[in-house]
Amino acid sequence: MLEILAFDRYGYDFIPGEFLPPGKDEYWLRNSRQDKKSWRKLLPDEIELLTKNGNRCPNWDDFLVCDPFDPALIRGSNFYGLVRLGSMQNVLLKFHDFCIPAGIRNSTIISCDIGNNTAIQDCSFISHYIIGDNCILSRIDEMQTTNHAKFGNGALKDGEDEKVRVWIDVMNEAGGRSILPFEDMIPADAFLWAAYRDDTGLTNRLKHITQERYGGFRGNYGTIGGSSVIKSCAIIKDVAVGCHAYIKGANKLKNLTVLSSGDEPSQIGEGVELVNGIIGYGSHVFYGAKAVRFIMGRNCNLKYGARLIHSVLGDNSTVSCCEILNNLIFPMHEQHHNNSFLVAGLVQGMSNMAAAATIGSNHNSRANDGEISAKRGFWPGLAVTLKHPSCFASYVIIAKGDYPSELNIPLPFSLVNNNTHKNRLEVMPAYFWNYNLYALERNSWKAGYRDRRKIKVQHIEADYLAPDTVEEILNALSLLEGWLGQAGYSQRDMTGTGGYIDRINCHGLEKGKRNEIIIKPLEAIAAYRQMLRWYAAKTIAIFLHTRPDLKYRELESLLAGDPQMRIRGWVNMGGQIVPAFRVDALREGIVSGKYNNWDAIHEVYDTWYGEYPLDRARHAWALLAMQAGGTLNAGFLAAEFNAAAETSRWISSRVHKNRAKDHHNSFKKATFRNESEMEQVLGKSETDSFVKYAREETRRFEECIAGVIARLKNADD
């Protein structure tokens, strides 16, 4: 509702009197954010020159400056409330090809602190901001901060009603897994909050510590970090911007924190509209993208009209053109094309959505409370449509099709196919290992290659064979052997010595009455067993390699235990793989008050990361001991290391073979006039950068194996 106020208080009374702490004035929070500067009042001749240059201020006593100060650099501008300027000299500020002189021209400034040699030009309304040194602000229609600004954090300020608190409804549209955003949130925090909803003590404590850190007093000013550039924007309201940020042509930015630094500068581009969110360090939002109630992690890209709503997007992710609603997405997610759509799900990273994929139909239930849960490496193919609720093991690829019913696929590394001709669901377990190692290995490699984060708060496990996926493999083996037994096959058949088995029936993978088929079950069992041996031997070899002073007896003492007591429960905490008992201990510690802020919780994550190599090595040791029938010795370990070296060579050759298929495919060649043209466009499989990388990795691993085997020969020393 429009109000009419007295003009003489324009720029003052930012904090209503009832919200001022005893003994504080309206500038107390503003002053706490500033280093002490030698501000002074204007000299009479400076006021005269400023007035002569078309500047207006009702009270020049509240216009403070630092030396050196050149009043000639301020022209045609209006100033209200307490305005404090840093030093201002006749210098130029240049960013790319955009170059303007320092100073303030044709602008209205209300109760702001402005840093040294900053340029403000043609800005109609800038109110209650702390602006850093060497910034450029040009052609901004409205940039203001309210006294109750929260900058995207899900907290309340003094006197606010609970109904104005901003929640993010991740994983479930109905809001049953809502979390409160905050500027330091990483996917592990979001998962901890959203996944353990039965632990009401935990969720209540997380709400409390978030409110304690980000809520409370009114009166925080918006900030523009040093060396930031903002130009040609319409509305910027209640936004905190870090240093070295670049924002141009945005339509509306409201209630945001834009994290940015010199090492990880963030950018926001033309036509963008962002409301109620956090943009992570080094992230980019371009070309008409829209986001509401969201968190973007570090080194993320949102572009080409993408929509991100009620969602958390993990580090190193890219979303183009498409739409994401009510999702918690872990790092390394790729989603492109204008007709991709992802709604109400948990996607645990290393994932890729193809064009026309519709993940989560809302129309097979009486309520919008369905969920999709997909572990690492989720890969729905072209035009895949999935129903709520559905669950997928790690590294499941889904063939094109409209899947008519809910799915539960507990078999990792599988290919899922909707065979409409035979009206059945078909699953080929271990598909990636047997038929597409290039994609599997490259997916792990690119996770590290594309990680541009300078500071890695969220830890990420990029290896496709880790304790979480290994436990899934063990579960899958049990399921396959059970289905084979139900089909009348013996243990001898399951070892592969009883002949070839093309397919068997299974059950429990799809809601419905049609047939469910496992394709090539014996191939899958053999592949899974090979993967287990490869993981276990490689893990222990690398553990030994990184500890050159560790003797075999010390290794045995450090890792050995009852194979039956291996850690079976592992949790993907935002990309970091952690034993479940550690997560449970953290939850108990939060509820008890042992960990009473997010910094303390993040320190626990770091501790886990330091303990992970040993946790993983113990898991691998128990796995090898189980395969050995009990205890291990140096001879058995050496044999497994040699087998691992052979597997490494096999993987390298398969990577090359998978890549070479493209070059030998007659249809692939059809668009080229000759072999030479194809090589110029596609290159040769032998010179493919990842093929060469795989070979180099094999060479390094063989050197590692040779070294640790030599140490095992002296096991009794």
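Structural data are supplied above this passage.
Residues numbered from 1 in each chain as written. Predicted model: local features only at pLDDT ≥ 70, side-chain atom pairs only at ≥ 80, totals over all residues. Heavy atoms only, no water.

Peer 1: What should I look at first to understand the layout of surface pockets in this one?
Peer 2: Unoccupied space between atoms shows up once a probe the size of one water molecule is rolled over them. Taken as a whole, the largest pocket spans an internal volume of roughly 1,200 Å³. Together, 43 residues line the largest pocket, and Glu461, Asp463, Lys538, Ile542 and Arg616 are the ones closest to its centre. Mapped by element, the contributors of at least two residues to the lining of the largest pocket are α6 (437–449), α9 (521–545), β42 (576–579), α12 (598–628), α13 (634–664) and α16 (689–712). The element best represented in the lining of the largest pocket is α16, accounting for 8 residues. Residues of the lining of the largest pocket, tallied by class, amount to 20 nonpolar, 12 polar and 11 charged. Around the second largest pocket, the lining is made up of 30 residues, and of these Arg33, Phe151, Tyr221, Thr223 and Ala240 lie nearest the centre. (1 Å grid on protein atoms, 1.4 Å probe; cavity = no way out; pocket = protein on both sides within 12 Å on 5 of 7 lines; lining within 4 Å. Points joined across faces, edges and corners; volume = space filled by probe spheres on them. Helix = DSSP H or I, 4+ residues; strand = E, 2+ residues; numbered from the N terminus. Nonpolar A, V, L, I, M, F, W, Y, C, P; charged D, E, K, R; others polar.)

Peer 1: Please clarify how the environment of Tyr214 should be interpreted in this entry.
Peer 2: Structurally, the position occupied by Tyr214 is in helix α4 (residues 200–214). You can call Tyr214 buried: its relative accessible area is 7%. The spacing of Tyr214 and Phe182 is 32 residues in sequence and 7.6 Å in space, taken between C-alpha atoms. Residues within four places of Tyr214 in sequence aside, it is in contact with Asn153, Ala155, Lys157, Phe182, Glu183 and Asp184. (Buried < 20%, exposed > 50% of the residue type's maximum accessible area, 1.4 Å probe, protein only. Contact = heavy atoms within 4.5 Å.)

Peer 1: What's the story with the side chain of Lys150 in this structure? I'm lost.
Peer 2: By the element assignment, Lys150 lies in the loop between β14 (136–144) and α3 (187–195). Of note is the side chain of Lys150, whose polar atom sits 2.9 Å from the side chain of Glu160. Sequence-distant contacts of Lys150, that is, excluding residues within four places in its chain, are made with Ala155, Leu156, Lys157, Glu160 and Asn255. (Polar contact = N/O pair within 3.5 Å; in protein donor to acceptor, adjacent residues only side chain to side chain.)

Peer 1: Explain unusual backbone geometry to me, please; I cannot follow it from the model alone.
Peer 2: What is expected of a backbone is that most residues other than glycine have negative phi and most peptide bonds are trans. A cis amide bond links Asp67 to the next residue, Pro68, at an omega of -5 degrees. Within the secondary structure, Pro68 sits in the loop between β2 (63–65) and β3 (74–75). The omega angle of the peptide bond from His388 to Pro389 is -20 degrees, so this bond is cis rather than trans. Along the chain, Pro389 turns up in the loop between β33 (385–387) and β34 (390–392). A positive phi is found at Asn117, a non-glycine position, where the angle reads about 50 degrees. For Asn117, the location among the structural elements is in the loop between β10 (113–114) and β11 (119–121).

Peer 1: Quick question: what am I supposed to make of the pairing of strand β6 (residues 92–95) here?
Peer 2: In regular strands, side chains alternate between the two faces of the sheet. Summarising the sheet, β6 and strand β7 (residues 98–101) pair through 4 bridges and their orientation is antiparallel. Its bridge partner lying in β7, Phe95 is registered against Phe98. The turn joining β6 and β7, which pair antiparallel and follow one another in sequence, is formed by 2 residues; a positive phi near 55 degrees is taken by His96. (Pairing = 2+ DSSP bridges.)

Peer 1: How do you make sense of the pattern of salt bridges when you look at a structure like this?
Peer 2: It is possible for side chains bearing opposite charge to pair when their charged atoms get close. Tallied over the full model, the rule gives 40 salt bridges. One salt bridge connects Glu46 with Arg40, and the closest N-O pair in it is separated by 2.8 Å. Across the pair Arg450 and Glu334 runs a salt bridge whose closest N-O atoms are separated by 3.8 Å. Linking Arg450 in the loop between α6 and α7 (467–486) with Glu334 in strand β27 (residues 333–335), this pair joins segments that are 116 residues apart in sequence. The class of Arg450 is partly exposed, set by a relative accessible area of 32%. Connected through shared salt-bridge partners, Glu696, Glu697, Arg699, Arg700 and Glu703 make up one network. (Salt bridge = Lys/Arg side-chain N within 4 Å of Asp/Glu carboxyl O.)

Peer 1: Explain the sheet that holds strand β32 (residues 379–380) to me, please; I cannot follow it from the model alone.
Peer 2: The strands making up a sheet associate through hydrogen bonds between their backbones, and the pairing can be parallel or antiparallel. With mixed pairing, the 6 strands of this open sheet are ordered in space as β32-β35-β37-β38-β40-β39. Looking at which strands have only one partner, the edges of the open sheet turn out to be β32 and β39 (503–505). Note: β32 against strand β35 (residues 397–398), 2 bridges, orientation parallel. Residue Pro380 lies in a different strand from β35, and its bridge partner there is Ile398. Against the sheet, α7 contacts β39 and β40 (515–519), and its axis sits at roughly 85 degrees relative to β39. (Axes fitted to C-alpha atoms, helices over the stretch in contact; angles between N-to-C directions.)

Peer 1: Which parts of the structure should I look at to understand the packing of aromatic side chains?
Peer 2: For any pair of aromatic rings, the description rests on two quantities: the centre-to-centre distance and the angle between the ring planes. If you walk through the whole model with that rule in mind, you get 31 aromatic pairs. With centroids separated by 6.2 Å and ring planes inclined at 25 degrees, the aromatic side chains of Trp193 and Trp598 adopt a geometry described as stacked. Placement of Trp193 in helix α3 and of Trp598 in helix α12 is noted, with a sequence separation of 405 residues between them. Exposure class is identical for Trp193 and Trp598. Each is buried. Here Tyr605 and Trp608 contribute two aromatic rings whose centre-to-centre distance is 5.5 Å and whose plane-to-plane angle is 40 degrees, an arrangement assigned as tilted. On the criterion of helical spacing, the pair formed by Tyr605 and Trp608 is a turn pair, its members being 3 residues apart in helix α12. Ring pairs connect the aromatic residues Tyr438, Trp445, Tyr449, Phe690 and Tyr693, which therefore count as one cluster. The ring of Trp39 has Arg84 lying over it, and the distance from NZ or CZ to the ring centre is 4.2 Å. One Lys or Arg, Arg452, reaches over the ring of Tyr449 and ends 5.5 Å from the middle of that ring. (Phe/Tyr/Trp six-rings, centres within 6.5 Å; stacked < 30°, edge-to-face > 60°. Lys NZ or Arg CZ within 6 Å of the ring centre and 35° of its normal.)

Peer 1: Even after reading the chapter, I still don't get the nonpolar core, so can you show me in this structure?
Peer 2: Nonpolar side chains in soluble globular proteins tend to end up buried together. If you look at the biggest cluster of nonpolar residues, it comprises 155 residues, and the most contacted ones within it are Phe63 and Phe641. Here this core takes 15 residues from α9, the largest share from any one element. Filtering out sequence-adjacent residues up to four positions away, Phe63 remains in contact with Arg40, Lys41, Leu42, Leu50, Phe69, Ile74, Phe79, Val83 and Leu85. Counting 40 residues, the second-largest nonpolar core is a separate cluster that includes Val170, Val312, Trp598 and Val604. (Core = buried A, V, L, I, M, F, W, Y, C linked by side-chain atoms within 4.5 Å.)

Peer 1: What is the right way to look at the packing of α7 against α9 in this model?
Peer 2: Helix-helix packing is characterised by the crossing angle of the two axes and by the distance between the axes. One way to put it is that α7 packs onto α9 with a least axis distance of 10 Å and a crossing angle of 150 degrees. Classed by the angle they form, the pair α7 and α9 counts as roughly antiparallel. Of the two elements, α7 crosses α9, and the hand of that crossing is left-handed. On α9, the residues touching Pro467, Val470, Ile473, Leu474, Ala476, Leu477, Leu480, Glu481 and Leu484 of α7 are Pro521, Leu522, Ala524, Ile525, Tyr528, Arg529, Met531, Leu532 and Tyr535. (Parallel < 35°, antiparallel > 145°, perpendicular 65-115°, else oblique. Left-handed = near helix turned anticlockwise from the far one by under 90°.)

Peer 1: How should I be thinking about the side chain of Glu640 in this particular structure?
Peer 2: Summarising the element assignment, Glu640 is placed in helix α13. By relative accessible area, Glu640 is classed as buried at 7%. If near-sequence neighbours (up to four positions away) are discounted, Glu640 is found in contact with Arg533, Ala537 and Leu624.

Peer 1: Before we go on, may I ask you to explain helix α11 (residues 580–592) in this structure?
Peer 2: Residues spaced three or four apart along an α-helix face the same direction, because each turn holds 3.6 residues. Taking 1.5 Å per residue as the helical rise, α11 with its 13 residues ought to reach 18 Å, and the 19 Å between its terminal C-alpha atoms agrees with that figure. Every buried residue of α11 is accounted for by Arg582, Val583, Leu586, Arg587, Gly589 and Ile590. Viewed along the axis of α11, the buried residues span an arc of 165 degrees, placing them on a single side of the element. What points out from α11, more than 90 degrees from its buried face, is the exposed set Glu588 and Ser592. Next to the buried residues of α11 lie α3, α4, β41 (570–573), β42 and α12. Looking one or two residues past α11, Gly593 carries a phi angle of roughly 95 degrees, positive in sign. (Expected span 1.5 Å × (residues − 1). Arc of directions from axis to C-beta.)

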